[in-house]
There are 2 protein chains.
Amino acid sequence: MLQALSHLNSELVEEIETNSKTQEIEKDTEILREGQYVKVIPIVLNGLIKVFTRHGDKELLLYYIKPNESCIMSFSASLKNEPSKVFAITEENTTALLLPADQVSKWIKQFPDINTLFFQQYNLRYGELLDTIHHVLFDKMDKRLYDYLKEKVKLTGKNPLKISHRQIANELGTAREVISRVMKKLETEEKLKQHMHSIELL
Amino acid sequence: MLQALSHLNSELVEEIETNSKTQEIEKDTEILREGQYVKVIPIVLNGLIKVFTRHGDKELLLYYIKPNESCIMSFSASLKNEPSKVFAITEENTTALLLPADQVSKWIKQFPDINTLFFQQYNLRYGELLDTIHHVLFDKMDKRLYDYLKEKVKLTGKNPLKISHRQIANELGTAREVISRVMKKLETEEKLKQHMHSIELL
DNA sequence: TGTAAGTGGTGACCATAGTCACTGCACAAA
DNA sequence: TTTGTGCAGTGACTATGGTCACCACTTACA
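*Asks:* Describe the protein's contact with DNA strand C, listing the residues and the values that go with them.
*Replies:* Of all residues adjacent to DNA strand C, which total 14 residues, the nearest are Ser164 and His165 of chain A together with Lys140, Met141 and Thr174 of chain B. For the surface near DNA strand C, the secondary structure elements donating two or more residues are helix H6 (165–172) and helix H7 (176–193) of chain A together with helix H7 (176–193) of chain B. Considering every element that reaches the surface near DNA strand C, the biggest residue donor is H7 of chain A, with five residues. Across the surface near DNA strand C, the residue classes tally to four nonpolar, four polar and six charged.

Below, the structure is given as structure tokens:
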């Protein structure tokens with residue numbers, strides 16, 4: 001049985017399993033475009049989905065959807081039949097369980113248990129957005145970059161990371177040159193602090 | 001009957017009315033402190049609640065809870081018995097309906113209809129946080145200040161606004177001097193544009 | 001093998017806004 | 001009247017980071 005659903009009513013789990021389909025999604029697939037209407041709620045089984053926002057040609061990473069989490073904001077969007085305000089893209093090859101939005105509305109009434117799970121997911125995203133705000137407003141680039149790299153290594157399990165300065169700049173909403181500069185600064189600083197040697201690029 | 005609840009099951013409305021109490025809260029009352037555990041979910045009947053976050057001695061306005069809205073994040077916090085990550089303060093004299101958190105958990109299972117309302121509230125807050133992120137990261141101070149003033153006039157219905165530069169600076173997460181400067185710049189600019197004359201301070 | 005595209009490094013410059021220090025002003029309490 | 005307190009205005013300085021121009025290096029592929 002699916003671990004993500006392990007604490008739910010078995011009747012509901014059966015419903016979910018018969019009405020949803022598991023899908024393999026290749027790395028770097030855009031699965032949600034801003035302004036798009038949402039018809040499925042994905043639950044990540046494994047892999048990693050990146051959620052971000054855009055403004056002109058600047059982007060900003062909002063958070064990742066990790067295994068056993070769902071992209072709950074899809075659901076809100078689907079509820080009001082509103083277009084999405086964010087983008088989502090697979091950061092790794094990802095397997096996801098796709099719940100049809102209309103079914104989910106039904107299940108919610110039929111199996112109120114599922115709500116606890118949904119509320120938790122909402123809460124999680126709210127907290128992550130709040131963290132993002134703190135980073136953007138209160139932290140300098142050096143701290144933002146350092147935290148970003150640490151998080152990335154932790155999430156992907158990859159070290160060295162395979163990512164270009166340009167990509168990093170996008171995700172942090174800044175320019176490539178800035179990343180170059182700050183990266184260099186971090187490297188020299190961190191040699192002293194004995195931290196940085198555990199994170200490498202390329 | 002309460003307008004906020006008008007589209008709910010009448011049995012539920014009765015439950016709510018007998019188990020919740022309406023409370024008058026005076027302007028400038030701190031109703032939620034960061035790190036506090038949450039036991040009631042307020043629904044604003046009239047007045048205005050300001051929700052903000054803090055980092056050191058810097059603050060940032062996140063959003064307002066307007067009449068017929070609820071502070072849904074309280075609920076998430078109460079669910080996991082987690083401390084709150086934000087602050088809330090009444091911006092005006094406010095009347096709120098206080099739903100006991102433990103009762104709400106029960107109602108959710110008993111009256112699944114209430115979920116639609118909750119999900120909508122979540123969605124609203126998520127969207128507002130996203131807007132806040134956009135303002136902070138993508139907009140310059142002049143635009144941020146202008147939008148802030150417009151919004152404030154709209155919400156409070158007061159013009160001229162009674163608010164000090166210091167307060168504005170707090171809510172925008174910047175310094176008083178910056179507000180002074182930008183305010184002056186806006187005033188001269190806006191005389192030309194024929195916009196600003198509709199918003200005044202003091 | 002030569003060319004194009006992508007990547008990173010770097011110096012110079014600029015704009016925004018955060019900080020500091022000080023002024024003047026209004027109002028209220030002593 | 002004097003004094004204290006809070007608010008606003010302002011010039012000077014600084015720091016951060018965004019922008020521009022350009023170079024060097026690698027890789028792919030035509």
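On we go.
*Asks:* So what's going on with the protein's contact with DNA strand D? Which residues, and what values?
*Replies:* DNA strand D sits among 14 residues. The nearest are Lys140, Met141 and Thr174 of chain A together with Ser164 and His165 of chain B. Among the secondary structure elements, those contributing two or more residues to the surface near DNA strand D are H7 of chain A together with helix H6 (165–172) and H7 of chain B. Tallying contributions element by element places H7 of chain B first for the surface near DNA strand D, with five residues. By residue class, the composition of the surface near DNA strand D is four nonpolar, four polar and six charged.

*Asks:* I'd like a description of the sheet that holds strand S2 (residues 30–32) of chain A, backed by residues and values.
*Replies:* Residues and elements named next belong to chain A. With antiparallel pairing, the four strands of this open sheet are ordered in space as S2-S6-S4-S5. Sheet topology places S2 and strand S5 (58–65) at the edges, where each strand pairs with a single neighbour. Each neighbouring strand pair of the sheet contributes to a mean axis angle of 35°, computed without reference to strand direction. Across seven bridges, the pairing between strand S4 (residues 49–55) and S5 is antiparallel. Looking at S5, one finds that His55 is bridged to Lys58.

*Asks:* I'd love a proper account of the interface of chain A and chain B, names of residues and values included.
*Replies:* Across the contact, 28 residues belong to chain A and 28 residues belong to chain B. Taken together, the elements giving at least two residues each to the side of chain A that touches chain B come down to S4, S5, helix H2 (72–79), helix H3 (101–110) and helix H4 (114–138) of chain A. Among the residues making up the side of chain A that touches chain B, the classes are represented as 14 nonpolar, nine polar and five charged.

*Asks:* Explain the relation of the copies chain A and chain B to me, using residue names and the numbers behind them.
*Replies:* Of the two same-sequence chains, chain A is brought onto chain B (RMSD 0.0 Å, axial shift 0.0 Å) by a rotation of 180°. Both chain copies can therefore be described as sitting about a two-fold axis. By residue overlap, the copies meet face to face through one surface: 100% of the interface positions of chain A are interface positions in chain B.

*Asks:* Outline the packing of H2 of chain A against helix H4 (residues 114–138) of chain B, listing residues and values.
*Replies:* Put simply, H2 of chain A and H4 of chain B touch, their axes get as near as 10 Å, and they point 110° apart. Looking at the two axes, H2 of chain A sits roughly perpendicular to H4 of chain B. Handedness of the crossing formed by H2 of chain A with H4 of chain B: left-handed. Contacts from Met73, Ser76 and Leu79 of chain A of H2 of chain A reach H4 of chain B at Phe119, Tyr122, Asn123 and Tyr126 of chain B. When its residues are assigned to classes, the contact of H2 of chain A with H4 of chain B shows five nonpolar, two polar and no charged.

*Asks:* Got a sec to walk through the pairing of strand S3 (residues 40–46) of chain A? Specific residues and values, please.
*Replies:* All names here are of chain A. Taken across its seven residues, S3 has five buried, putting it largely inside the fold. Across six bridges, S3 lies against strand S7 (residues 94–100) in antiparallel orientation. Pairing of Pro42 across the sheet is with Leu98, part of S7.

*Asks:* Before we move on, could you go through the sheet that holds strand S5 (residues 58–65) of chain B and cite the residues and values that matter?
*Replies:* Taking strand neighbours across the sheet as the criterion, the four strands line up as S2-S6-S4-S5 (chain B) in an open arrangement whose pairing is antiparallel. A strand with exactly one partner marks an edge of an open sheet, and here the two such strands are strand S2 (30–32) and S5 of chain B. Between one strand axis and the next, the sheet turns through 35° on average, direction left out of account. Sheet topology note: the S2 of chain B/strand S6 (residues 87–90) of chain B ladder contains two bridges and is antiparallel. Within the sheet, the bridge partner assigned to Leu32 of chain B lies in S6 of chain B and is Ala88 of chain B. Seen against the sheet, H4 of chain A touches strand S4 (49–55) and S5 of chain B and runs at an angle of roughly 60° to S4 of chain B.

Cut-offs used in this document
- Residues numbered from 1 in each chain as written.
- Chains lettered and ligands numbered in written order.
- Predicted model: local features only at pLDDT ≥ 70, side-chain atom pairs only at ≥ 80, totals over all residues.
- Near = placed C-beta within 6 Å.
- Helix = DSSP H or I, 4+ residues; strand = E, 2+ residues; numbered from the N terminus.
- Nonpolar A, V, L, I, M, F, W, Y, C, P; charged D, E, K, R; others polar.
- Pairing = 2+ DSSP bridges.
- Axes fitted to C-alpha atoms, helices over the stretch in contact; angles between N-to-C directions.
- Contact = placed C-beta atoms within 7 Å.
- Least-squares fit on C-alpha atoms with pLDDT ≥ 70 in both.
- Parallel < 35°, antiparallel > 145°, perpendicular 65-115°, else oblique.
- Left-handed = near helix turned anticlockwise from the far one by under 90°.
- Buried ≥ 20, exposed ≤ 12 C-beta atoms within 10 Å, placed from the backbone.

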